[in-house]
Amino acid sequence: LLVDAPALPFTLVREVARGGAGVVYEARERLGEQGLERRIALKLAHQRATTGRDSLVHEARLAVRFRGPNVVPILDVDPDGGWIAMAWAEGGSLRDRLRASANAGAQSVLGPLLSVLAEIHRQGLVHGDLKPANVLFDGRGNPWLSDFALGRLVGEPGTPGSAGYVSPERLAGRPYDRRDDVFALGRILEELAAHPDLARACTGPLASRPADAAAVLALL
């Protein structure tokens, strides 16, 4: 455990992911007095100071706001303790699937993912960190969009997302735009080796890029 955290009400099993804001562990949560446990994903902030606390609260609020069958379920959050507990993605991530197969079941992923993102865009927000590692799967193979930590309102300033998926405009300091997510979608399409014309449109010049996820869904 490489973060400063108080005693946790979970048993940590192994680290599964690491980013700029925190570390995600596979963990076990004890249920009741009968020795029952459930497997969860536990995200621990690198710092429990104001920045880390506010980021966890922000991430949890957005995930709950857009909760549904294709958004990772939030189970609990302790901002002062510096952690957020989420449902365990038994099916792994899209990044895992891409490492195993170039196609990775593109059709079963794109429709649900775009539908969630279209609702986010409709409400005036940008996810801000779309990438294969943030697309998870439940035990039945249904995709979950995760990690809303960089989600912001359209027009807000913000830090760039993950290398390889952040738009050139955001790298140049432009405020948040729905087309940032569209660019990231295009990069994901490239990795899925699916819909090459649509991928080129999504990663093309800003003026000709689809306006939002609903536009991409219509083209798909």
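Preceding block: the structure.
Definitions and cut-offs
- Residues numbered from 1 in each chain as written.
- Predicted model: local features only at pLDDT ≥ 70, side-chain atom pairs only at ≥ 80, totals over all residues.
- Heavy atoms only, no water.
- Helix = DSSP H or I, 4+ residues; strand = E, 2+ residues; numbered from the N terminus.
- Buried < 20%, exposed > 50% of the residue type's maximum accessible area, 1.4 Å probe, protein only.
- Pairing = 2+ DSSP bridges.
- Axes fitted to C-alpha atoms, helices over the stretch in contact; angles between N-to-C directions.
- Phe/Tyr/Trp six-rings, centres within 6.5 Å; stacked < 30°, edge-to-face > 60°.
- Lys NZ or Arg CZ within 6 Å of the ring centre and 35° of its normal.

Asks: Looking at this model, I keep getting lost on the environment of Gly158. Mind explaining?
Replies: Position of Gly158 relative to the elements: it lies in the loop between β9 (152–153) and α4 (168–171). Since its relative accessible area comes to 39%, Gly158 is described here as partly exposed. Put simply, Gly158 and Arg95 are 63 residues apart on the chain and 25 Å apart in space, counted from C-alpha to C-alpha.

Asks: Teacher, can you tell me more about the sheet that holds strand β3 (residues 36–45) here?
Replies: The strands making up a sheet associate through hydrogen bonds between their backbones, and the pairing can be parallel or antiparallel. Read across the open sheet, the 5 strands follow the order β1-β2-β3-β5-β4; overall the sheet is antiparallel. Of all the strands in the sheet, just β1 (11–18) and β4 (74–78) have a single pairing partner and so form its edges. Ignoring which end each strand starts from, the neighbouring axes of this sheet average 25° apart. Relative to β3, strand β2 (residues 22–31) runs antiparallel, the two being bridged by 10 bridges. Each bridged residue has a counterpart across the sheet, and for Val24 the counterpart in β3 is Lys43.

Asks: I would appreciate a short explanation of the packing of aromatic side chains in the present structure.
Replies: Pairs of aromatic rings are described using the distance from one ring centre to the other and the angle between the two planes. One pass over the structure, following the stated rule, counts 1 aromatic pair. The interplanar angle of 90° and the centroid separation of 4.9 Å between the aromatic rings of Phe10 and Trp83 together place this pair among those described as edge-to-face. Here Phe10 is found in the segment before β1, whereas its partner Trp83 is found in strand β5 (residues 83–87), with 73 residues between them in sequence. Each member of the pair, Phe10 as well as Trp83, carries the same accessibility label: buried. Over the aromatic face of Tyr176 sits the side chain of Arg170, whose NZ or CZ is 4.3 Å from the ring centroid.

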